[in-house]
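Results of the structural survey
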Amino acid sequence: MRIILIIFVLIFYSSLSHAAEFKGKFKQGSFILGKTKPGSQVIIDQKKIRVSKDGFFAFGLGRDRKNVLKRKYKIQRIDGLPPKQVTPPPEVYERIKKDNRLIGKARLIDSPLSFFKNKFIYPIDKYIITGVYGSQRILNGKPRRPHYGIDFHAPEGTPVKAMMDGIVTLASKDMYFTGGTIIFDHGHGISTLYMHMKDIDVKVGQKIKQGEIVGTLGQSGRATGPHLDMRLNWYEVKLDPISILEK
Ligand SMILES: [Zn+2]
């Protein structure tokens, strides 16, 4: 059996056999699409990852991944948020924990679907990008977790499309931070996530086609105005959605 071992050394990768091709940049936050001979084994970070029947595999490099090209992230300050949105009151801790468990479970789904290898489309047609991947956030003067999505600002009620074929693995109308939330599985741990939705027109387990309307843009959850916050994951690793749109 052919084994492809990917090791990150300084800013280069080495593939022992050079028997794989890659689409995507080896830089922080990137989605990478690989292609090898069907039947090969691919090992990344000492873990064997899925290879499709036709030889495709996917992986991603986290925001602060070492030994790949480094990125400089923006600092984003948002002031004037209601204090309970910045530091949630204790009575909602359980609810937040439950939301996080559900989101975490959906992101860990490891399916043999291989839609991730195809060209993704933008989820809405007309928008202004108001937030980018990786920014360090300072909310009401307090440093908070980085922002991992792209924020597409558009009027409330704008139809939102599926970026790629997939299966709905989470559809929740009311999560504390993320409001109306949908997660789509595109195979091999690659999932897209939509938050702050107004309406959700899909159900868990439903198969969706690229371009299908899955709901409408809103400002539910922790949002300062109507926008779609769209995220890309490789299992638990949060990736820059731009890297799958531009691959
Ligand atoms: Zn956002």
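Look a little higher up for the structure.
Let me sum up the structure you'll find in this document.

**Considerations on the pattern of salt bridges**
Following the criterion strictly, the structure yields 11 salt bridges and no others. Close ionic contact of Asp-45 with Arg-65 constitutes a salt bridge, the shortest N to O distance being 2.9 Å. Taken together, the residues Asp-45 in the loop between strand 5 (41-44) and strand 6 (47-49) and Arg-65 in the loop between strand 7 (56-60) and strand 8 (75-78) connect sequence positions 20 residues apart. One salt bridge in this structure joins Asp-110 and Arg-50, with 2.9 Å as the shortest N-O distance. Residue Asp-110 is located in the loop between helix 2 (93-107) and strand 9 (128-131), and its partner Arg-50 is located in the loop between strand 6 and strand 7; the two are separated by 60 residues in the primary sequence. Exposure remark for Asp-110: the relative accessible area of 40% places this residue in the partly exposed category.

**Regarding the packing of aromatic side chains**
Throughout the structure, instances matching the rule amount to 14 aromatic pairs. Ring geometry for Phe-59 versus Trp-234: centroids 6.3 Å apart, planes at 65°, classification edge-to-face. Placement of the pair is Phe-59 in strand 7 and Trp-234 in strand 19 (residues 227-234), with a sequence separation of 175 residues. By relative accessible area, Phe-59 is classed as buried at 0%.

Calculation notes
- Residues numbered from 1 in each chain as written.
- Predicted model: local features only at pLDDT ≥ 70, side-chain atom pairs only at ≥ 80, totals over all residues.
- Heavy atoms only, no water.
- Salt bridge = Lys/Arg side-chain N within 4 Å of Asp/Glu carboxyl O.
- Helix = DSSP H or I, 4+ residues; strand = E, 2+ residues; numbered from the N terminus.
- Buried < 20%, exposed > 50% of the residue type's maximum accessible area, 1.4 Å probe, protein only.
- Phe/Tyr/Trp six-rings, centres within 6.5 Å; stacked < 30°, edge-to-face > 60°.

Just distances and angles here, no functional claims.
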